[in-house]
Amino acid sequence: MKEKMLIEKALAAREASYSPYSGFAVGAALLSKDGRIFTGANIESASYTPTICAERVAFFTAIHQGVKEFSAIAVVGGKAGESVSAYCAPCGVCRQVMAEFCTGDFEIVLYDGKSPKVYTLNDLLPERFGKADLS
Ligand code: THU
């Protein structure tokens, strides 16, 4: 099952989180339409602003490798050093990055350590601003 596999990859990616300031570790696993998986974890900075979310690390890694079509992402987060025990929904900036590269049916899989919850981009960012608005 696609969701389970993506969650496992996101949990493994979370191990590489660099989050000494928030103590909140996030992992993401992004599935491209051609079946490849790109992972990411959040990376923080002492000056805070350069901090990047796990989701954007996964997206930008894929895009830099020439991959721009995606079907799903799993996101897991929670207190660093502990197991995931609550859902961690993508922040607004990451939702906007998803909107740049994904269609409304793009799936966002969340996990609380027990059961997955699956949303679409349409669910999480309705009425979004995008490239069509600039054409
Ligand atoms: N974070 C993510 O990696 N993804 C999200 O969608 C929400 C927040 C990170 C950013 C920061 O390093 C930490 O979680 C606390 O906000």
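This one's a predicted model, so the numbers in the text were calculated from it and none came from an experiment.

**Thoughts on the overall build of the protein**
Okay, so step 1: When helices and strands are tallied, the protein shows four helices and five strands.
Okay, so step 2: When its C-alpha atoms are laid out on the principal axes, the protein stretches across 45 × 40 × 30 Å.
Okay, so step 3: Across the 135 residues of the protein, 44% fall into the buried class.
Okay, so step 4: Of the contacts made within the protein by residues no fewer than 6 positions apart, 59% connect residues no fewer than 24 positions apart.
Okay, so step 5: Only carbon and sulfur atoms are counted for the fraction: they give 55% of the accessible area of the protein, which is about 7,200 Å².

**Structural notes on the environment of K9**
Okay, so step 1: Turning to its location among the elements, K9 is positioned in helix α1 (residues 2-14).
Okay, so step 2: Considering only alpha carbons, one finds K9 and G92, 83 residues apart in sequence, at a separation of 23 Å.

**Quick look at the packing of aromatic side chains**
Okay, so step 1: Per the counting criterion, the structure on display carries three aromatic pairs.
Okay, so step 2: Ring centres of F59 and F70 lie 5.1 Å apart, and the angle between their planes is 70°; on these two criteria the pair is classed as edge-to-face. Linking F59 in helix α2 (residues 54-64) with F70 in strand β3 (residues 70-79), this pair joins segments that are 11 residues apart in sequence.
Okay, so step 3: Given the relative accessible area of 2%, F70 is considered buried.
Okay, so step 4: Grouped by ring-pair contacts, the aromatic residues F59, F70 and F106 constitute a single cluster.

**Focus on the pattern of salt bridges**
Okay, so step 1: Under the definition given, this model contains two salt bridges.
Okay, so step 2: Where E107 meets K2, a salt bridge forms, and the shortest distance between an N and an O atom there is 3.2 Å. Here E107, found in strand β4 (residues 107-111), pairs with K2, found in helix α1; they are 105 residues apart in sequence, far enough to count as distant.

**Some words on the site of the ligand**
Okay, so step 1: Neighbouring the ligand are the residues S22, F24, V26, N42, E44, T51, C53, A54, E55, A89, P90 and C91.
Okay, so step 2: In this structure, A54 approaches the ligand through a main-chain N or O atom, which is 3.0 Å from an oxygen atom.
Okay, so step 3: Measuring from an oxygen atom of the ligand, one finds a backbone N or O atom of C91 at 3.0 Å.
Okay, so step 4: Contact with the protein chains hides 79% of the accessible area of the ligand, taken as 370 Å² for the molecule alone.
Okay, so step 5: Those elements that place two or more of their residues in the shell around the ligand are β1 (24-32) and α2.
Okay, so step 6: Classifying every residue of the shell around the ligand by side-chain character gives seven nonpolar, three polar and two charged.

**Notes on the state of the cysteines**
Okay, so step 1: Enumeration according to the criterion identifies zero disulfides in this entry.
Okay, so step 2: The cysteine C94 is free of any disulfide, with C91 supplying the nearest cysteine sulfur at 3.8 Å.
Okay, so step 3: Counting only cysteine sulfurs, C94 is the nearest neighbor of C102, a cysteine outside any disulfide, at a range of 12 Å.
Okay, so step 4: With a relative accessible area of 8%, C102 lands in the buried category.

About the cut-offs
- Sequence order as written defines the numbering, with residues in each chain counted from 1.
- It should be noted that, the model being predicted, local features are given only for residues of pLDDT at least 70 and side-chain atom pairs only at 80 or more, the latter also being counted only at that level, while totals for whole chains, interfaces and linings use all residues.
- Processing note: side-chain calculations cover all non-hydrogen atoms of the structure and skip hydrogens and water entirely.
- Each helix is a run of DSSP H or I of at least 4 residues and each strand a run of E of at least 2, with the numbering of both proceeding from the N terminus.
- Working definition: with a 1.4 Å probe on protein chains only, accessible area under 20% of the residue-type maximum means buried, over 50% means exposed, and in between means partly exposed.
- Should any heavy atoms of two residues lie within 4.5 Å, those residues are considered in contact.
- Shrake-Rupley sampling with a 1.4 Å probe provides the accessible areas, and residues are treated as covered by the protein chains on show and by no other component.
- What counts as a ring pair is set by centres within 6.5 Å for rings of Phe, Tyr and Trp (its six-membered ring), and what kind of pair is set by the plane angle: stacked under 30 degrees, edge-to-face over 60, tilted for all other angles.
- Salt bridges are defined by distance alone: a side-chain nitrogen of Lys or Arg within 4 Å of a carboxyl oxygen of Asp or Glu.
- To be near a molecule or strand, a residue needs just one of its heavy atoms within 4 Å of it.
- Pairing of N or O atoms within 3.5 Å defines a polar contact, subject to two protein rules: one partner must be a possible hydrogen donor and the other a possible acceptor, and residues neighboring in sequence count only if both atoms are side-chain atoms.
- Under the grouping applied here, Gly and all other residues not named as nonpolar or charged are polar, the nonpolar ones being Ala, Val, Leu, Ile, Met, Phe, Trp, Tyr, Cys and Pro and the charged ones Asp, Glu, Lys and Arg.
- Here, the term disulfide refers to a pair of cysteine sulfur atoms separated by no more than 2.5 Å.

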